[in-house]
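Residues per chain, in single letters:
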Amino acid sequence: MKVLCVKSGRLSMIVVVVLSFFVLHSCKQEEPEKELIIDFSATQSDIAVGDTIGFHPSSNYSMVNFHWTFSGGTPDESSNPTPAVIYNTPGQYAVSLTVIAYPDGPTSTKTKQQFITVH
């Protein structure tokens with residue numbers, strides 16, 4: 001009977017070791033999250049009162065949400081990836097873009113001060 005217990009004990013030990021190996025090696029190791037890099041451009045940045053400007057984002061992530069803020073513009077906010085904005089008052093205006101990578105990705109904001117000049 002002791003022989004059976006020893007063999008059974010060794011078999012149990014082998015099963016535990018083998019299962020531990022598979023559990024440890026089957027767990028997905030998370031890769032470090034890559035930095036979210038964003039930028040944007042405009043069809044023009046020096047315009048006359050009442051002109052419309054188109055904005056275009058760029059990002060190193062393909063699945064993202066956008067939140068634009070346009071000081072002095074109409075609309076003053078947008079979630080459209082490529083919004084069109086009208087400026088009706090002379091001045092210099094900032095534009096901000098916040099990009100959120102999903103699902104559960106990083107967030108990044110870029111602001112360009114005095115980016116738009118309206119004459």
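Conventions and cut-offs
Residues numbered from 1 in each chain as written. Predicted model: local features only at pLDDT ≥ 70, side-chain atom pairs only at ≥ 80, totals over all residues. Heavy atoms only, no water. Helix = DSSP H or I, 4+ residues; strand = E, 2+ residues; numbered from the N terminus. Buried < 20%, exposed > 50% of the residue type's maximum accessible area, 1.4 Å probe, protein only. Contact = heavy atoms within 4.5 Å. Areas by Shrake-Rupley, 256 points an atom, 1.4 Å probe, with all protein chains shown as cover. Phe/Tyr/Trp six-rings, centres within 6.5 Å; stacked < 30°, edge-to-face > 60°. Lys NZ or Arg CZ within 6 Å of the ring centre and 35° of its normal. Pairing = 2+ DSSP bridges. pLDDT = per-residue confidence, 0-100.

J.: Residues and numbers for the overall build of the protein chain, please.
T.: A tally of regular secondary structure across the protein chain gives one helix and nine strands. The secondary structure elements of the protein chain, listed N-terminal to C-terminal, are α-β-β-β-β-β-β-β-β-β. By residue count, 27% of the 119 residues in the protein chain fall in the buried class. Contacts in the protein chain between residues at least 24 apart in sequence constitute 56% of all its contacts with a sequence separation of at least 6. Summing over all exposed atoms, the protein chain offers an accessible surface of approximately 8300 Å²; the carbon and sulfur share of this is 58%.

J.: I'd love a proper account of the packing of aromatic side chains, names of residues and values included.
T.: Counted under the stated rule, the structure contains six aromatic pairs. Relative to F115, the ring of F40 has its centre 5.5 Å away and its plane inclined at 85 degrees; by these criteria the two rings are edge-to-face. With F40 in strand β1 (residues 38-42) and F115 in strand β9 (residues 107-118), this residue pair connects regions lying 75 residues apart in the sequence. Geometrically, the ring pair formed by W68 and F70 is stacked, given 5.7 Å between the ring centres and 10 degrees between the ring planes. There is no split in this pair, since W68 and F70 are both buried. Here a set of aromatic residues connected by ring pairs shows up, and it is made of F40, F55, W68, F70 and F115. The ring of Y61 carries K34 above its face, with NZ or CZ at 4.8 Å from the centroid. Sitting over the ring of F40, K112 keeps its end group 4.5 Å from the ring centre.

J.: Requested: an account of the pairing of strand β7 (residues 84-87), with residues and values cited.
T.: Side chains V85 and Y87 of β7 all project onto a buried face; the interleaved residues A84 and I86 project onto a face where none is buried. Here three bridges tie strand β3 (residues 52-59) to β7, and the two strands are oriented antiparallel to one another. Bridge pairing in β7 links G54 to A84. Across two bridges, strand β5 (residues 73-74) lies against β7 in antiparallel orientation. Bridge pairing links T74 to I86 in β7.

J.: Please provide a residue-by-residue account of the pairing of β9, values included.
T.: Relative to β9, strand β2 (residues 46-47) runs parallel, the two sharing two bridges. Opposite D46, over in β9, you have T117 as the bridge partner. As defined by bridge partners, strand β8 (residues 91-101) adjoins β9 across nine bridges and the pair is classed as antiparallel. Bridge pairing in β9 places Q92 opposite T117.

J.: Talk me through the confidence of the model for the protein chain; I want residue IDs and the actual numbers.
T.: Per-residue pLDDT for the protein chain has a mean of 83; in total, 72% of the residues score no lower than 70. Scored below 50 in pLDDT, residues 1-6 makes zero contacts in the model with residues more than four places away or belonging to other chains. Across residues 15-19, where pLDDT falls below 50, the model places zero contacts with residues more than four positions away in sequence or in other chains.

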